[in-house]
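Here's the letter readout for the chains.
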Amino acid sequence: MNGSETAIRLVVNADDFGMTPEISRGIVRAHEIGCVTSTSVLGNCTDLAATKALLDQAPNLGVGVHLALVGGRPTAPIADVASLVDASGMLPARPRDFFKLWMKGAIVRGHVETEINHQIDRIIGAGL
């Protein structure tokens, strides 16, 4: 390259690291063969220790957080995010379920903020 050209860096991000062991291993494998340059860890993944251990095997893989308000359990205490969960303590199963609640005014904005902050703190606290 001469001085007037700009280098282009392609970033290929693989979402949902930590959703299942198979997805996580697939992302690490795709990174090892050079397809994937970064991933986003599901903020409410169920096994954060195993997720971190797998990421430790790929030190050059960029890592971010995938904030989740749909699917699985919240990371904050249920009492602090009560408008986000159903009677069994689960987040809405599908995005449209969340948006229906939002449009009805059933979601408390402060609960969203609490859950997002809790997920970010959880990922940072794990050293990711």
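See the structure shown above.
Conventions and cut-offs
Residues numbered from 1 in each chain as written. Predicted model: local features only at pLDDT ≥ 70, side-chain atom pairs only at ≥ 80, totals over all residues. Heavy atoms only, no water. Core = buried A, V, L, I, M, F, W, Y, C linked by side-chain atoms within 4.5 Å. Buried < 20%, exposed > 50% of the residue type's maximum accessible area, 1.4 Å probe, protein only. Helix = DSSP H or I, 4+ residues; strand = E, 2+ residues; numbered from the N terminus. Contact = heavy atoms within 4.5 Å. Pairing = 2+ DSSP bridges. Right-handed = clockwise from strand over helix to strand, strands pointing away. Phe/Tyr/Trp six-rings, centres within 6.5 Å; stacked < 30°, edge-to-face > 60°. Expected span 1.5 Å × (residues − 1). Arc of directions from axis to C-beta. Salt bridge = Lys/Arg side-chain N within 4 Å of Asp/Glu carboxyl O.

Participant: It is not clear to me how the nonpolar core should be interpreted in this structure. Could you clarify?
Facilitator: The tendency in soluble globular proteins is for nonpolar side chains to be buried as a group. Among the nonpolar cores identified, the biggest contains 17 residues, and Phe 17, Ile 27, Val 36, Val 41 and Leu 61 are the most heavily contacted of them. Elements that contribute at least two residues to this core include exactly strand E1 (13–17), helix H1 (21–32), strand E2 (38–42) and helix H2 (48–56). Other than its neighbours up to four places away in sequence, Val 41 contacts Phe 17, Thr 51, Leu 55, Val 63, Gly 64, Val 65, His 66, Ile 123 and Leu 128. Among the nonpolar cores identified, the runner-up in size contains 9 residues, and Leu 69, Ala 76, Val 85 and Leu 91 belong to it.

Participant: Looking at this structure, I do not really get the pairing of E1. What am I missing?
Facilitator: Looking along a regular strand, one sees side chains alternate from face to face of the sheet. Here E1 runs beside E2; their pairing, made up of 3 bridges, is parallel. Paired with Ala 14 across the two strands is Thr 39, which belongs to E2. Running through H1, the crossover from E1 to the neighbouring parallel element E2 is right-handed.

Participant: I would appreciate a short explanation of the environment of Val 63 in the present structure.
Facilitator: Tracing the sequence through the fold places Val 63 in strand E3 (residues 62–66). Residue Val 63 is classed as partly exposed on the basis of its relative accessible area of 37%. Here Val 63 is in contact with Thr 39, Val 41, Leu 55 and Leu 128, once residues within four sequence places are set aside.

Participant: Any chance you could explain the packing of aromatic side chains here in plain terms?
Facilitator: Where two aromatic rings form a pair, the distance of their centres and the angle of their planes describe that pair. Under the criterion given, the structure shown has 2 aromatic pairs. Both rings, one in Phe 98 and one in Phe 99, keep their centres 5.5 Å apart while their planes meet at 85°; by these two values the pair is edge-to-face. With a centroid separation of 6.2 Å and an interplanar angle of 20°, the aromatic rings of Phe 98 and Trp 102 are classed as stacked. Within this pair, Phe 98 and its partner Trp 102 are both found in helix H3 (residues 95–103), separated by 4 residues, close to a single helical turn. Aromatic rings pair up to connect Phe 98, Phe 99 and Trp 102 into one cluster.

Participant: Sorry, what's going on with helix H4 (residues 109–125) here?
Facilitator: Helical geometry note: an α-helix holds 3.6 residues per turn, so side chains three or four residues apart project in the same direction. Taking 1.5 Å per residue, 17 residues should reach 24 Å; H4 reaches 24 Å between its end C-alpha atoms and fits that length. Among all positions of H4, only His 111, Val 112, Glu 115, Gln 119 and Ile 123 are buried. Axial view of H4: buried residues confined to an arc of 105°, hence all on one face. The outward face of H4, more than 90 degrees from its buried face, is lined by the exposed residues Arg 109, Glu 113, Asp 121, Ile 124 and Gly 125. Those residues of H4 hidden inside the fold are in contact with E2, H2, E3 and H3. A positive phi of about 85° marks Gly 127, the residue just after H4.

Participant: What is the right way to look at the pattern of salt bridges in this model?
Facilitator: Where charged atoms from two side chains of opposite charge approach closely, those side chains can pair. Inspection of the entire model under this criterion finds 4 salt bridges. Salt-bridge contacts for Glu 22 lead to Arg 25; the nearest nitrogen and oxygen are separated by 4.0 Å. Taken together, the residues span about one helical turn, with Glu 22 and Arg 25 both in helix H1 at a distance of 3 residues. Judged by its relative accessible area of 53%, Glu 22 is exposed. In this structure, Asp 97 and Arg 94 form a salt bridge, with 3.0 Å as the shortest nitrogen-oxygen distance. Overall, Asp 97 belongs to the partly exposed group, its relative accessible area being 21%. Given the relative accessible area of 39%, Arg 94 is considered partly exposed.

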